[in-house]
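Okay, here's what each chain looks like letter by letter:
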Amino acid sequence: TYQAAASVSSVSPSVLASEGGMAVTVHGSGFSAASEALGYLLCRIGGAVRRARWASPTALVCNTTRAAAGEAVVEVSNNGREYTSSGVSLRLVSVRVQDVQPWSGPQLGSTVVSVRAAGALPGALLCRFGESAAVGAWSGGASRLRCASTPSAVTGWVGVQLSSFGGALSSGGSFYYHAPMQVSGVAPPLGPERGGTRVAVLGS
């Protein structure tokens, strides 16, 4: 069976984690559903070859594997032998959480946390605290992101993870959720206006 020549025009997203396990949509033309049914539809991302899922004649989906950070060319084959030579590439990035400040906050959440990370930070980054849902992050300066902690049902240490486009990029930081604090009183309840009074704060 002679098929029209396939080609790759773009990939989405164009920045992915080097840890692998993330889906990438390859756009182009000439992608064959018959080739998928026969097990011949393949993606080659850098040097790694994976089975592709056909979506339409102009789109298919592949999963990335762990690879070194850097540029990786994406090509497609309809017969498991000849590949396209379109030269479209994506960028694989490696990110590592190095520091979380402050390192603790209340179970109710909403603590603005500065996360310092090593590596090339892609766009559309999210923060995740423990098993909670990921929340949006914003720039906090060079190699830093800011995000607000989410509410937690338990107290104790949880991992802090960065993700992008639905896939985990890095973990390594930790955040401690403490129980809600309450102030029941102060002693003494008064002092001179010049200040300097040592005050005991009572509560839990």
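This write-up is about the structure you can find in this document. (Residues numbered from 1 in each chain as written. Predicted model: local features only at pLDDT ≥ 70, side-chain atom pairs only at ≥ 80, totals over all residues. Heavy atoms only, no water.)

This brings us to the nonpolar core. The biggest cluster of nonpolar side chains holds 20 residues, and the ones touching the most others in it are Val26, Leu60, Cys62, Val76 and Leu90. Within the residue set of this core, elements represented by two or more residues are β1 (7–12), β2 (15–17), β3 (23–29), β4 (42–45), β7 (59–63), β8 (70–77) and β9 (89–93). If one sorts the elements of this core by residue count, β8 sits on top with three residues. Contact partners of Cys62, with chain neighbours within four places excluded, come to Met22, Ala23, Val24, Val26, Cys43, Ile45 and Ala52. (Core = buried A, V, L, I, M, F, W, Y, C linked by side-chain atoms within 4.5 Å. Buried < 20%, exposed > 50% of the residue type's maximum accessible area, 1.4 Å probe, protein only. Helix = DSSP H or I, 4+ residues; strand = E, 2+ residues; numbered from the N terminus. Contact = heavy atoms within 4.5 Å.)

Under the counting rule described, the total for this entry stands at two salt bridges. A salt bridge links Arg144 to Asp99; the shortest N-O distance between them is 3.4 Å. Linking Arg144 in strand β16 (residues 144–148) with Asp99 in strand β10 (residues 95–101), this pair joins segments that are 45 residues apart in sequence. For Arg144, a relative accessible area of 22% gives the class partly exposed. (Salt bridge = Lys/Arg side-chain N within 4 Å of Asp/Glu carboxyl O.)

With that out of the way, let us pick up unusual backbone geometry. In this structure, Pro13 follows Ser12 across a cis peptide bond, with omega equal to -5°. Tracing the chain through its elements places Pro13 in the loop between β1 and β2. A positive phi angle, close to 75°, is found at Ser110, a residue other than glycine. The residue Ser110 is located in the loop between β11 (104–106) and β12 (112–119) in this model. By relative accessible area, which is 59% here, Ser110 ends up exposed.

The next subject is a nonpolar patch on the surface. Taken together, the side chains of Val183, Val186, Val199 and Val201 make up a nonpolar region of the molecular surface, amounting to roughly 360 Å² of accessible area. Counting through the fold element by element, Val199 comes out in the loop between β19 (183–187) and β20 (200–203). Judged by relative accessible area, which is 42%, Val199 ranks as partly exposed. (Patch = residues over 30% accessible without salt bridge, like charges linked within 9 Å, V, L, I, M, F, W, Y side chains within 5 Å. Areas by Shrake-Rupley, 256 points an atom, 1.4 Å probe, with all protein chains shown as cover.)

Moving on, we get to the sheet that holds β2. Read across the open sheet, the five strands follow the order β2-β9-β8-β4-β5; overall the sheet is mixed. Two strands close off the open sheet at either side, each with one partner strand: β2 and β5 (48–51). Pairs of neighbouring strands in the sheet enclose a mean axial angle of 30°, with direction left out of account. Strand direction decides the pairing type here: β4 and β8, joined by four bridges, are antiparallel. Directly across from Arg44, in β8, lies its bridge partner Glu75. (Pairing = 2+ DSSP bridges. Axes fitted to C-alpha atoms, helices over the stretch in contact; angles between N-to-C directions.)

As enumerated under the stated definition, the model contains two disulfides in all. One disulfide in the model links Cys43 with Cys62; its S-S distance is 1.6 Å. With Cys43 in strand β4 and Cys62 in strand β7, this residue pair connects regions lying 19 residues apart in the sequence. Each member of the pair Cys43 and Cys62 is classed as buried. When the cysteines engaged in disulfides are numbered in sequence order, the protein chain pairs them as 1-2, 3-4. (Disulfide = S-S within 2.5 Å.)

Before going further, it helps to examine the packing of aromatic side chains. As enumerated under the stated definition, the model contains five aromatic pairs in all. Here the aromatic rings of Trp157 and Tyr176 are separated by 5.2 Å at their centres, their planes lie at 65°, and the arrangement is edge-to-face. Remark: Tyr176 occurs in strand β18 (residues 167–178) and Trp157 occurs in strand β17 (residues 156–164); sequence separation between them is 19 residues. Over the aromatic face of Tyr83 sits the side chain of Arg44, whose NZ or CZ is 4.2 Å from the ring centroid. (Phe/Tyr/Trp six-rings, centres within 6.5 Å; stacked < 30°, edge-to-face > 60°. Lys NZ or Arg CZ within 6 Å of the ring centre and 35° of its normal.)

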